[in-house]
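Each chain, written out:
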There are 2 protein chains.
Amino acid sequence: MSKPTIVQLAQAAGVSPTTVSHAFSGRRYVDPDTKARIVALAQEMGYRANPTARRLRSGGGGSVALVSSMPFAVAAGPSRLGFLMEIAASAAVTALSRNTTLCLVPPLERGAQLDVLDVDGAIVVEPALDDSVLDFFFERGVPVVAIGRAPGRPNLPAVDLRSTETARLLLDHLGEAGQRVGLITGLQRRNSYIETEAAYAAFCAERGFAPAAMRIDERGGEEEAAVAVEAFLRQNPDIGALCAPVDAFAAGALRAATALGLAVPADLRLATRYDGMRARLASPQLTAVNLHLDQVAEQAIDMLIALIEGKALSPEPIAQPQLVARASSDRSSG
Amino acid sequence: MSKPTIVQLAQAAGVSPTTVSHAFSGRRYVDPDTKARIVALAQEMGYRANPTARRLRSGGGGSVALVSSMPFAVAAGPSRLGFLMEIAASAAVTALSRNTTLCLVPPLERGAQLDVLDVDGAIVVEPALDDSVLDFFFERGVPVVAIGRAPGRPNLPAVDLRSTETARLLLDHLGEAGQRVGLITGLQRRNSYIETEAAYAAFCAERGFAPAAMRIDERGGEEEAAVAVEAFLRQNPDIGALCAPVDAFAAGALRAATALGLAVPADLRLATRYDGMRARLASPQLTAVNLHLDQVAEQAIDMLIALIEGKALSPEPIAQPQLVARASSDRSSG
DNA sequence: GCCGGTATGCAAATCGTTTTGCATACCGTG
DNA sequence: CACGGTATGCAAAACGATTTGCATACCGGC
């Protein structure tokens, strides 16, 4: 048999649906005996209020989607997963405290039957230029908040990841020893790369370095990065430090250094952006940055909820990124 | 103002709500001109069908929660996150194809105002004995499916992780060289530990080994494991191989071995269970097991949906776990 | 006997869709 | 003209809850 409805429960208990509803919600007084009978019967019959119907009537408490701009479980995946999950964990907590649930949305294939997607808004993590995920939600009129500005969409509400400052922090740190600093970013056009590259250009100009930068396709992950960075280091033998914001690339760089017989940090100092497992598990451990992702997630949720409700949104700045210096850039051993 | 409803759109277009519905769903013929007018107007007014109402009527799927038995972002976190997220990614895909959305639920604090938690069912990952997360859902009559059997709850629907076979696979592999094999499991009473310990006992009996096993508190993570395993290895110097199903513990064991001057795999062969980033990033890379988590996730979703709909559930067995042999247990270098 | 107040519960409207059954108009054919 | 068929669309009944406004009963006090 299918699940019993409130009407069936009410009939069985010899009361009206109204009374059943009140018995559970407590919004009106119900005789304790009656209530007890209803509850017992509900237990026995396995009655549970249908959440969909409940929501339709009471309107409140919707759900928001968390979407990674990249496929969840794809090649470059494992390391992005850390970033995404750290955000997801915080976002889920914040969302719940705002009467909202957080839905994980798998990679969207265009044309897929996604109208079933019952969310009131979406958070997109680090969208790239012309990101199809954004189009998808726009077409449906679903409000979107980005984590990390969306390139080419200056008006899209976004939580600032402060990538310029982050880059500055890393570059200044790596530049301490006076070595020439190289940069490895991603081929995809995400705002964090764009800002980082700009900061790098400025950094080089200030110091009078010739820039040495390259871009790698994220999808190749650590493997491809190892190969590419090795070639890069061969071409630029005078580089003494490397800034690789993508942790998978930093891991690849580590391998490239080993392959070339370069010791880290003695011969090559290295730093990355996201302070996740990859940075901490690497050997030597990688210098990284605390991006305050918990705050980022919280702000994204709040902005999104405000947006959904049509209220004004107040984007307060996230706490300043903080350098987490580790062995991979330790100057004393260099 | 607030979002327009189908009625408002119908009025504006001078047709009935029925016609609007048909215009979008295509379930009945609508004059092309009329349809075009409706679509254009919808675009202009920003009309989007309310998914909640739609689902209520058409009986579509709701949403299910994915819950880790452990706090998301807690100490032992990063490595468990991998396991959880691999399941989450697959589950989200499967759920969507079943007209259901997957909600990530943060760690549940008892007594928190969770009435807002609007899910039709829940998947709990590797519940422990007396897991409060399970109680929470039971109290609310929310159907639950466990990934990995729930200790002490033989009747709870669960997807079998085939831990006995997994353990057997690892132990037989590690025992190949004839060395004595030690076992490190977790203090918490999860089914996978229980089965693994039992398999280990049988394994030792068969081979005539004296068992050498210890349990470590998961919450201590890699650090605590490193300390504990070092002591353990000191006490059992004749151990030539170590089975540490928790990847964080295996990583700790690796450090312990290094501290003791033992080479892996030459002096100590090592294997873990979950073939995640941690196993692959370790040096040497860790032998692990392919648990077919994608299948596991899919089955969990399907079982849960069946349960929600009151249908009979058919728990088909997951594909057999497969050993992924890596350097950490390579016999040729031992 | 009348009155106000409290206790208890129900009927009906509502949320925004989808879906079924019926209505009208128009067409060509015999 | 009568008739079947197609084109087009609407009214109303679901879906399963919540919420509002009323109804009845009973009580004590005057």
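Parameters at a glance
- Residues numbered from 1 in each chain as written.
- Chains lettered and ligands numbered in written order.
- Predicted model: local features only at pLDDT ≥ 70, side-chain atom pairs only at ≥ 80, totals over all residues.
- Heavy atoms only, no water.
- Near = heavy atom within 4 Å.
- Polar contact = N/O pair within 3.5 Å; in protein donor to acceptor, adjacent residues only side chain to side chain.
- Helix = DSSP H or I, 4+ residues; strand = E, 2+ residues; numbered from the N terminus.
- Core = buried A, V, L, I, M, F, W, Y, C linked by side-chain atoms within 4.5 Å.
- Buried < 20%, exposed > 50% of the residue type's maximum accessible area, 1.4 Å probe, protein only.
- Contact = heavy atoms within 4.5 Å.
- Domains from an automatic or database assignment.
- Buried area = accessible area lost by both parts, 1.4 Å probe.
- Phe/Tyr/Trp six-rings, centres within 6.5 Å; stacked < 30°, edge-to-face > 60°.
- Axes fitted to C-alpha atoms, helices over the stretch in contact; angles between N-to-C directions.
- Parallel < 35°, antiparallel > 145°, perpendicular 65-115°, else oblique.
- Left-handed = near helix turned anticlockwise from the far one by under 90°.

In the neighbourhood of DNA strand C, 27 residues make up the surrounding shell, with A:Thr19, A:Tyr29, A:Arg57, B:Ile6 and B:Arg28 lying closest. Backbone atoms, meaning sugar and phosphate, make up 57% of the atoms of DNA strand C lying within 4 Å of the protein. At a separation of 2.7 Å, a phosphate oxygen of DNA strand C approaches a polar backbone atom of A:Ser16. With respect to DNA strand C, the backbone of B:Ile6 contributes an N or O atom lying 2.5 Å from a phosphate oxygen. Those elements that place two or more of their residues in the surface near DNA strand C are helix H2 (17-25) and helix H4 (51-58) of chain A together with helix H2 (17-25) and helix H4 (51-58) of chain B.

Here we come to the nonpolar core. Ranked by size, the top nonpolar core spans 140 residues in total, and within it A:Leu66, A:Leu242, B:Leu66, B:Ile184 and B:Leu242 carry the most contacts. Looking at which element gives the most residues to this core, the answer is helix H12 (residues 293-308) of chain B, with nine residues. The contacts of A:Leu66, once residues within four sequence positions are left out, are A:Leu84, A:Ile87, A:Ala88, A:Leu102, A:Cys103, A:Leu104, A:Val105, A:Ile123 and A:Val125. A:Cys103, B:Val119, B:Val133 and B:Phe137 belong to the second largest nonpolar core, which has 36 residues in total.

Residues and elements named next belong to chain A. Mapped onto the secondary structure, isoleucine 305 falls in helix H12 (residues 293-308). It is 26 Å that separates the C-alpha atoms of isoleucine 305 and asparagine 290, two residues lying 15 residues apart in sequence. Among all residues touching isoleucine 305, those that are not within four sequence positions of it are Arg98 and Thr100.

With that settled, consider the protein's contact with DNA strand D. Around DNA strand D, the structure places 28 residues, and the nearest of them are A:Ile6, B:Thr18, B:Thr19, B:Tyr29 and B:Arg57. Looking at DNA strand D alone, sugar and phosphate atoms form 56% of those within 4 Å of the protein. At 2.3 Å from a phosphate oxygen of DNA strand D is found a main-chain nitrogen or oxygen belonging to A:Ile6. Those elements giving two or more residues to the surface near DNA strand D turn out to be H2 and H4 of chain A together with H2 and H4 of chain B.

With that out of the way, let us pick up the domain arrangement of chain A. Residue and element names in this part refer to chain A. Domain annotation for chain A reports domain 1 (6-58), domain 2 (63-161 + 294-308) and domain 3 (163-291 + 322-329). Between the C-alpha centres of domain 2 and domain 3 the distance comes to 27 Å. Contacts between domain 2 and domain 3 engage 19 residues on the former and 15 residues on the latter. When domain 2 packs against domain 3, close to 1400 Å² is buried across both sides, 50% of that on carbon and sulfur atoms.

Another point: the packing of aromatic side chains. The geometry of two aromatic rings is summed up by the distance between their centres and the angle between their planes. Residues and elements named next belong to chain B. Taken as a whole and assessed by the stated rule, the structure comprises eight aromatic pairs over all chains. Ring geometry for phenylalanine 203 versus phenylalanine 209: centroids 6.1 Å apart, planes at 55°, classification tilted. Classification of phenylalanine 203 as buried rests on a relative accessible area of 0%. Accessibility expressed as a relative area gives 19% for phenylalanine 209, which makes it buried.

On to the packing of helix H7 (residues 163-175) of chain B against helix H8 (residues 191-207) of chain B. All names here are of chain B. At their nearest, the axes of H7 and H8 sit 8 Å apart, and the two run at 40° to each other. As judged from the angle between their axes, H7 and H8 are oblique. Between H7 and H8 lies a crossing of right-handed hand. Where H7 approaches H8, its residues Ser163, Thr164, Ala167, Arg168, Leu171, Asp172 and Gly175 are matched on the opposing element by Ser192, Glu195, Thr196, Ala199, Tyr200, Ala202, Phe203, Glu206 and Arg207.

With that settled, the discussion passes to unusual backbone geometry. Here B:Val264 and B:Pro265 are connected by a cis peptide whose omega angle stands at 10°. Turning to its location among the elements, B:Pro265 is positioned in the loop between helix H10 (247-259) and strand S9 (269-274). Residues B:Ser283 and B:Pro284 are joined by a peptide bond in cis, for which omega reads 0°. Mapped onto the fold, B:Pro284 is located in the loop between helix H11 (277-281) and strand S10 (287-290). One non-glycine residue, A:Glu126, lies in positive phi territory at about 45°. Structurally, A:Glu126 is set in the loop between strand S3 (121-125) and helix H6 (132-139). Residue A:Glu126 is classed as buried on the basis of its relative accessible area, which comes to 4%. Not every positive phi belongs to a glycine, and A:His292 is a case in point at roughly 55°. Its place among the elements puts A:His292 in the loop between strand S10 (287-290) and H12.

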